[in-house]
Amino acid sequence: MRREAVIQALEALVARLELVEQQPFRLQAYQRLYDILSGLPESAWASSESLDGALRNYTGIGEGLRRIAKELYETGTTALLRELGAAIPESVLELRRLPGLGPKRVQELWRELGIASVDALAQAIERGKLNGRKGWSPSLLQRLQSGIQMYQSQRHLLLYIEALQVWEQAVAPLRQKGLAPVEVGEVRRALPLIQKIEGALLDEQAPVAETLGWQRISPILLRHSELPVQLWLVSKGEWAIELLRLTGPESFWQALSLRLPKDITNLSETEIFSLLGLPYILPAWRDWEDIFTLAESNRLPEPLTEAHIRGSVHVHTTYSDGADSLEAMAEAAQSQGWLWLGIADHSQRAAYARGLSTGRLEQQLSEIDKLNQRYGPNFVLLKGIEADILPDGRIDYDESIWRKLDFLVASVHEKLHMTQAEAMERLGKALTNPYVRVLGHWTGRLLRSRPGYPIDEEQILNWCAERQIAVEFNANPYRMEMDWRWVRRAAELGVPIILTTDAHSVRELDYWRSGLAVLQKGLLPPGLLLNARSEPPFLMR
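## Focus: the nonpolar core
A general tendency of soluble globular proteins is for nonpolar side chains to be buried together.
Link 1 in the chain: By size, the foremost hydrophobic cluster in this structure holds 118 residues, and its most contacted members are Ile291, Leu381 and Ile460.
Link 2 in the chain: Sort the elements by how many residues they give to this core and helix α10 (residues 160-176) lands first, with eight residues.
Link 3 in the chain: In this structure isoleucine 291 touches Phe252, Ile281, Trp285, Leu300 and Leu523, once residues within four positions along its chain are discounted.
Link 4 in the chain: With 50 residues, the next largest nonpolar core counts Ile36, Leu101, Trp110 and Tyr151 among its residues.

## Section: the sheet that holds strand β8 (residues 311-315)
Link 1 in the chain: Judged by pairing direction, the sheet is parallel, and its seven strands sit side by side in the order β8-β9-β10-β11-β12-β13-β14 without closing on themselves. A strand with exactly one partner marks an edge of an open sheet, and here the two such strands are β8 and β14 (497-500). Taking the axes of each pair of neighbouring strands and ignoring which way they run, one obtains an average angle of 30° across the sheet.
Link 2 in the chain: Summarising the sheet, strand β13 (residues 470-474) and β14 pair through four bridges and their orientation is parallel. Considered in β14, the bridge of glutamate 472 is made with isoleucine 498.

## Quick look at helix α20 (residues 420-430)
Link 1 in the chain: Buried residues of α20: Ala423, Met424, Arg426, Leu427, Gly428 and Ala430, and no others.
Link 2 in the chain: Residues of α20 that are buried in the fold lie against β12 (436-439) and α21 (457-467).

## A closer look at the packing of aromatic side chains
Link 1 in the chain: Inspection of every chain in the model, using the stated rule, returns eight aromatic pairs.
Link 2 in the chain: Aromatic pair tryptophan 402 and tyrosine 435: ring centres 5.7 Å apart, planes at 45°, arrangement tilted. With tryptophan 402 in helix α19 (residues 399-402) and tyrosine 435 in the loop between α20 and β12, the pair connects residues that are 33 residues apart, well separated along the chain.
Link 3 in the chain: For tryptophan 402, a relative accessible area of 13% translates into the label buried.
Link 4 in the chain: Aromatic pair phenylalanine 407 and phenylalanine 538: ring centres 5.5 Å apart, planes at 25°, arrangement stacked. Of the two residues, phenylalanine 407 sits in strand β11 (residues 407-411) while phenylalanine 538 sits in the segment after α23 (511-519), which places them 131 residues apart along the sequence.

## A look at the packing of helix α8 (residues 118-126) against helix α9 (residues 138-154)
Link 1 in the chain: Remark: α8 packs on α9, axes separated minimally by 10 Å, with the N-to-C direction vectors making an angle of 140°. Judged by the inter-axis angle, α8 sits oblique to α9. Crossing geometry of α8 relative to α9 is assigned as left-handed. Between α8 and α9, the residues in contact are Val118, Asp119, Leu121, Ala122 and Ile125 and Leu141, Leu144, Gln145, Ile148, Tyr151 and Gln152, respectively.
Link 2 in the chain: Considering only residue class, the contact of α8 with α9 consists of eight nonpolar, two polar and one charged.

## Examining unusual backbone geometry
Link 1 in the chain: For the bond running from glycine 248 to proline 249, omega is 0°, close enough to zero to count as cis.
Link 2 in the chain: Mapped onto the elements, proline 249 comes out in the loop between α13 (239-247) and α14 (250-259).
Link 3 in the chain: The peptide bond linking glutamate 481 to methionine 482 adopts the cis configuration, its omega dihedral lying at 15°.
Link 4 in the chain: On the secondary structure map, methionine 482 appears in the loop between β13 and α22 (484-492).
Link 5 in the chain: In the Ramachandran plot, histidine 441 falls in the positive-phi region, its phi being about 65° despite a non-glycine side chain.
Link 6 in the chain: Following the sequence through the fold, histidine 441 ends up in the loop between β12 and α21.
Link 7 in the chain: Judged by its relative accessible area of 3%, histidine 441 is buried.

About the criteria used
- Residues numbered from 1 in each chain as written.
- Predicted model: local features only at pLDDT ≥ 70, side-chain atom pairs only at ≥ 80, totals over all residues.
- Heavy atoms only, no water.
- Core = buried A, V, L, I, M, F, W, Y, C linked by side-chain atoms within 4.5 Å.
- Buried < 20%, exposed > 50% of the residue type's maximum accessible area, 1.4 Å probe, protein only.
- Helix = DSSP H or I, 4+ residues; strand = E, 2+ residues; numbered from the N terminus.
- Contact = heavy atoms within 4.5 Å.
- Pairing = 2+ DSSP bridges.
- Axes fitted to C-alpha atoms, helices over the stretch in contact; angles between N-to-C directions.
- Phe/Tyr/Trp six-rings, centres within 6.5 Å; stacked < 30°, edge-to-face > 60°.
- Parallel < 35°, antiparallel > 145°, perpendicular 65-115°, else oblique.
- Left-handed = near helix turned anticlockwise from the far one by under 90°.
- Nonpolar A, V, L, I, M, F, W, Y, C, P; charged D, E, K, R; others polar.

Next up, the structure:
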């Protein structure tokens, strides 16, 4: 957890510097330190000395930045972070989470207009205080209003990966003492947004937990002294049945309890399902209202496991806006045990993300060829691009470029404010392009801040099924799209799904693990998961 704490502290430092820094080079230096720390292997985090040694290998990371990293490692903060924390309210940073608000706009709201929170901005828009102000168009204000409404309704929720991190931080000391807490509720069911972090612990182990600072708030409930985590105390004989009840949801438990005989004790969850003549129903599947019907009619798919993941696509490198080199991303994929990796940097239209000119793309393709010669038959880099779907539905570049690639991920990145008719016309044209292998970003949603553009999901899936275009399940924690409810419909229509990380650094490649847990909810059979193929899926087309 030391690594996460350092990276989060540095992220907070960079976010605050964006709002006050008058010297761009200093901000860029801290941003580079953040990018490098995010990609360091676990071995570099063994001690502050090993961290310092790892940083010495990077150009541009001088003594001052190494000292900051060491201070963050040892104390969790720095004098500069404390100074900026006192000067910039947390509520101002919240404004950056709204769509359309970059550092300059936030500075204008805060410094010039005294608007220092999301709620204050909502009130200012409602009262017309920004009407007619230069740079604040009616369409921008309308988008902000929609984004604010979504953020206000979800800001109390944690991303799934955030909840996992908090859970691990809370229970790590318990495990070190030999205790075995298990997550329950929304976390165990792998919901993309989490309201409450709960776990279960054997009641006989409660005294040990209390010596570690856990507070007893009832005879059957412990609460962490600092983190939003609580543990339900369960007897050994009731362990499995209580796991089922506490994992929920309530509708699942009610339906299950009607089937249960009385006095079930000392059985595992698997044994309880077997007693009822049912296959094991994964926690991630229990949110489906018809899950018992599926189980009783033997229509549950084979569960997805980490062993199914042989490779992925849609990763970014330093050729566009990624933090790590092509070679570093390839080697990180191999360290995961993957057999293939599809590179998909941004296309030339995405100038804001250093999208690749045709010359830069040719350079990258040549480097991929050289690396593939080095790696031999055991690992393959695929040549791809995340090509922008232009406002008129055309795909960035032209056929002379497309035919040199193994795959195109086609994504909407600009002009997201569309009616459903406009979105469908745009996507419909894009999906007629025979070089498109993957539809990226589904609706472009961002959890807790942006709802995404409206589409006719059924029609999109029908188009993809007809043309055998895969749909991306983007495991970036802020996206987790397509929505898991539509994954099931995709499977019913035979649409292939590919789990991607949208990784912009080596560290972000790990997003696939939490993404797989959420994707599991969609009842996708392994046969429709392109990541499960030993041979790269696009080289054969």
